[in-house]
Each structure stands twice: as C-alpha cells, then as structure tokens.
Amino acid sequence: MKPVWRIPLADIDLGPEEEAAVLEVLRRRWLSMGEVTAAFEADFSALTGARHALAVTNCTAALHLAGLALDWRQGDEVIVPSLTFVATANAVRYTGATPVFADVTGENDFSLSAADVAERITPHTRAIIVVHYAGHAANMPAIMALAERHGLDVVEDVAHAPGASLDGQALGTWGRIGCFSFFANKNMTTGEGGMLMTDDDGLAERLRLLRSHGMTSLTWDRHKGHAWSYDVVAPGYNYRLDEIRAAIGRVQLAKLENANSRRRTLDALYREFLPAAAPSIGIPYSTTRGIPSCHLRPVLLPKGTDRTQFMAAMKAQGIQTSIHYPPVHGFSYYRQVGGPSLPVTEEIGAREVTLPLYPAMTPADVESVVAAVAGSLTEVQHQFNGRQTERQLPQVK
Ligand SMILES: *Cc1c(COP(=O)(O)O)cnc(C)c1O
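(A) Spotlight on the sheet that holds strand β5 (residues 153-157). With mixed pairing, the seven strands of this open sheet are ordered in space as β1-β9-β8-β5-β4-β2-β3. Edge positions in the open sheet fall to β1 (52-56) and β3 (98-102), since each of these has one partner strand only. Direction aside, neighbouring strands of the sheet carry axes that sit 25 degrees apart on average. Of the strand pairs in this sheet, β1 and strand β9 (residues 194-198) are connected by five bridges, and their pairing is antiparallel. Paired with Val-56 across the bridge in β9 is Gly-194. Of the strands in this sheet, β4 (125-131) and β5 are in contact with helix α6 (residues 140-150), which crosses β5 at around 150 degrees.

(B) Summary view of the packing of aromatic side chains. Under the criterion given, the structure shown has eleven aromatic pairs. For the pair Tyr-133 and Tyr-285, a centre-to-centre distance of 6.3 Å together with 10 degrees between the ring planes defines the contact as stacked. In this pair, Tyr-133 is assigned in the loop between β4 and α6 and Tyr-285 in the loop between α9 (243-277) and β10 (297-300), connecting sequence segments 152 residues apart. On the accessibility criterion, Tyr-285 (3% relative accessible area) is buried.

(C) Highlighting unusual backbone geometry. Between His-324 and Tyr-325 the backbone carries a cis peptide bond, its omega angle lying at 10 degrees. Residue placement: Tyr-325 occurs in the loop between α10 (307-316) and α11 (332-337). At Asp-167, a residue that is not glycine, the phi angle is positive and equals roughly 50 degrees. Residue placement: Asp-167 occurs in the loop between β6 (165-166) and β7 (169-170).

(D) Highlighting the packing of helix α2 (residues 35-48) against α9. Here α2 crosses α9 at 25 degrees, and the two axes come no closer than 8 Å. Considering the angle they form, α2 stands roughly parallel to α9. Viewed along their axes, α2 and α9 form a crossing whose handedness is left-handed. When α2 is examined against α9, the residues Glu-35, Val-36, Thr-37, Ala-39, Phe-40, Asp-43, Phe-44 and Leu-47 are found in contact with a partner set consisting of Glu-243, Ala-246, Ala-247, Gly-249, Arg-250, Leu-253 and Leu-256. Considering only residue class, the contact of α2 with α9 consists of nine nonpolar, two polar and four charged.

(E) Up close: the pairing of β3. Taken across its five residues, β3 has four buried, putting it largely inside the fold. Strand direction decides the pairing type here: strand β2 (residues 77-81) and β3, joined by five bridges, are parallel. By the bridge assignment, Glu-77 is partnered in β3 with Thr-98. Once the chain exits β2 it traverses helix α4 (residues 87-94) before rejoining the sheet at β3, and the crossover so formed is right-handed.

(F) Expanded view of the nonpolar core. The biggest cluster of nonpolar side chains holds 42 residues, and the ones touching the most others in it are Phe-40, Phe-44, Ile-128, Leu-171 and Met-195. Counting residues per element, this core draws most heavily on α9, at five residues. Apart from residues lying up to four places away in sequence, Phe-44 is in contact with Ala-53, Phe-180, Phe-182, Met-188, Met-195, Met-197 and Leu-253. Judged by nonpolar contacts, the second largest core, of 34 residues, contains Leu-65, Trp-72, Ala-91 and Val-155.

(G) A look at the pattern of salt bridges. Applying the stated criterion across every chain yields a total of 18 salt bridges. Between Asp-116 and Arg-120 there is a salt bridge whose closest N-O contact spans 2.9 Å. Note that Asp-116 and Arg-120 are positioned in helix α5 (residues 114-120) at a spacing of four residues, about one turn of the helix. The class of Asp-116 is buried, set by a relative accessible area of 16%. On the basis of relative accessibility, which here comes to 13%, the residue Arg-120 falls in the buried class. The residue Asp-242 makes a salt bridge to Arg-245 at a minimum N-O spacing of 2.5 Å. By relative accessible area, which is 32% here, Arg-245 ends up partly exposed. Counted as one network, the salt bridges with shared partners bring together Glu-107, Lys-303, Glu-347 and Arg-351.

(H) Just the packing of helix α3 (residues 59-69) against helix α7 (residues 201-211), in detail. As a packed pair, α3 and α7 sit with axes 9 Å apart at the nearest point and diverge in direction by 125 degrees. Accordingly, the angle class assigned to the pair α3 and α7 is oblique. You can see that α3 and α7 cross each other, and the crossing is right-handed. Between α3, through Leu-65, Ala-66, Leu-68 and Ala-69, and α7, the contact on the second element is made entirely by Leu-203, Arg-206, Leu-207, Leu-210 and Arg-211. Among the residues forming the contact of α3 with α7, the class breakdown is seven nonpolar, no polar and two charged.

About the cut-offs
Residues numbered from 1 in each chain as written. Predicted model: local features only at pLDDT ≥ 70, side-chain atom pairs only at ≥ 80, totals over all residues. Heavy atoms only, no water. Pairing = 2+ DSSP bridges. Helix = DSSP H or I, 4+ residues; strand = E, 2+ residues; numbered from the N terminus. Axes fitted to C-alpha atoms, helices over the stretch in contact; angles between N-to-C directions. Contact = heavy atoms within 4.5 Å. Phe/Tyr/Trp six-rings, centres within 6.5 Å; stacked < 30°, edge-to-face > 60°. Buried < 20%, exposed > 50% of the residue type's maximum accessible area, 1.4 Å probe, protein only. Parallel < 35°, antiparallel > 145°, perpendicular 65-115°, else oblique. Left-handed = near helix turned anticlockwise from the far one by under 90°. Nonpolar A, V, L, I, M, F, W, Y, C, P; charged D, E, K, R; others polar. Right-handed = clockwise from strand over helix to strand, strands pointing away. Core = buried A, V, L, I, M, F, W, Y, C linked by side-chain atoms within 4.5 Å. Salt bridge = Lys/Arg side-chain N within 4 Å of Asp/Glu carboxyl O.

Functional significance is not addressed by these values, which are geometric in nature.
Structure follows, in structure tokens:
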C-alpha cells in the first residue's frame, strides 16, 4: 500500500514475530478461546498485578460486561466524561442505566474533575467511569476517595493506558474493574480485542459467565475432557477473544514496555520543541501523574483559530491530525438525553488537535510536525487577519 501521509497519526508495529505466532495457532488447529488466550490473560495479570484478567472481543464489550457484573439497571446513573470515545457512554446505555456527563479538570488535565463529579452525584448514582485520557492517569486518589464516601463503584476505561501506572500501581487496577482496548490504533493491538481486569473473585466469576453465554463450561473444557455438560445461569453474551488474536496480543504485550518508553521520549521532544516554535499553542500534560503510556499528543489551538483550516494546512504538508474528542454530549443521540453544560469539555472539544505519535517516529519526524504546526498556524492566522481587514474596508460603489 502506498502511504497516503508523509507522517500518519498512528502506525502499527507488526513484524515477523506476530506472523509466526499466528501461523503457529493456525497449524495447531484450535482457533476459539483456549490455551493461547489463557496465556495472554496470564501475561496481562503479570503486567498489571491484577488477580484476574479476562480477554474479550473489544473494550466496548468489556465496559458492557463491567456494567452488567456491577448490576447497573434502568433508573441507575453512571457518571462519565463527555470528552471520550462514545463507547464509554454507549456501554452504560446497553445496561439500561443513564450516563451522566461530568466535566474534565482543565487545560492541562483532560480527565474527570473529582470536584465536578461530586456535583453530579444524586441518590441514583451507582458508579463512575474514569477515562485515563491519552494514557495519563486521572486523579485516582481524589476519585477513589469520593467514590468511597458515596459508596460508588469505579470502573476504569483504560483504552489509552495499557502499561501506565500511578504511585507504582497499574492503571486499570485502581477501580473495581478495568477495561482495555486492543483496537488497531491503540498502544498495543490484536485488530479487535480487549481485556477486563479485577481483583474481586466474585466479579471475575460473573464476568467469565457473561462473556460466554452464561454457560458454566467452555467448549475448550469439553474438548479437553474436563466437562461434558453445562448449565446456563444467565442470558450471557458471546464476547470471547480467539486464539489468533490472543497470539498477536502476546507478542504485542511483550513489546509494550519498550513501545511506551519510546512514546514518552517522543512526547518529551514535542513538549520541548513546541513552546519555542509555536508559543501560542496550549500543551496539555506538560506535567503528568505517574508513568504515562503517551497514547496521544493533544494540543490546544489558540482561541479563535479555524481548526478545519489548520488541519487542512497540516494535511497539505502530508501530516495527519485528528480530534480527541468531539464531546459525546454534543452528538444527536446524547443531545436528546440532555444534561448541564460542560464548559471545560466544550472549550477543549473546540480547540483540541491531536498530533502524530507512534513508536516508529523519529526525532526528525517530531521536528517536521512541530515546524508544520508553526507554519500552519501562521498561515491560518494570516488568512484570518486578511479576512478581518477585507471586512473593515469601506464599501466602494
Ligand atoms: C478505543 C476506545 C474505546 C473502545 O474500544 P474498542 O476496543 O474499539 O471497543 C473505548 N474507550 C476509549 C476511551 C477508547 O479510546
């Protein structure tokens, strides 16, 4: 495939090791959830220190199962950020519960504000879903303390943050359940895939049942002669991962620590070069908590900058950018659900642009992106000033 972009937003690191792992599974001729998936789960437990890791089809399914295992129902409220991928809120909807949007902290920290979450708690609130935006830890000590005071469960959407930690504790193990994503543009990938983790034996048992039709034994157990019959104890789902993806996941997980460390180095270069080249740009996460996974490099355009034109100017230089995120409460479906305004989320949602960040980038690539940011900004501001001047010219008849 001919590359469309000189520097894409993200890129996957797939090589001969992943190819060999997939071939090995194909040659063993057992494709559905079995030994390789169990080994992938064990690897993930070892990485995070969680007692239980359960592989699932994707992070959206993980969030859905988390809500079911915690017994969210119609009439319950679950507090979520609006500055997230829509799956965080959709998964709450699947259970019948209502997502209640809370604002994020500020222009340096795009994760939930504990103070704003506190404002949204009602007698119906059951839980909080925290998103560790861009792979930087949310303020977990404050959120856990608030949740404890009000008897709420905390679920972590760790889609951006595999391998990240805070105070020496893996993100995804602070709350009752952590939900990871292995979608193709995340820090590690299986194509589609996800992982649940919990330290709670009872929750793990419930999650395990719900992942596989509510059945008390697996095809794999029956194949191995461990079981010949089963009961169904809940109307469960088929949210299992398969052996091919698990095999890719094991290789990707082995690369994760180096890949994350490379991302941190590149992110530090952005933070070093941007202030001099484009002093009017806002650089969130110039200070961070714990050890981040640097999934994204967001910036905030100066107020009043035409973002569409800025992104087009970057594109003209072969550099892909994106927006993380159009706030969920602004989408048609969620506008009907309604809710209070979220000033910080709206401000960030209007000015945020995400720059390329992936382990195979070189320091020279980062310099190119930074130079393009500075150039694009000047170009867009000149166009803007030009238009202003034209408008002020007296009309000549
Ligand atoms: C990617 C992502 C998801 C969804 O993950 P899938 O594995 O694609 O279902 C959920 N939340 C956030 C914050 C994400 O970035």
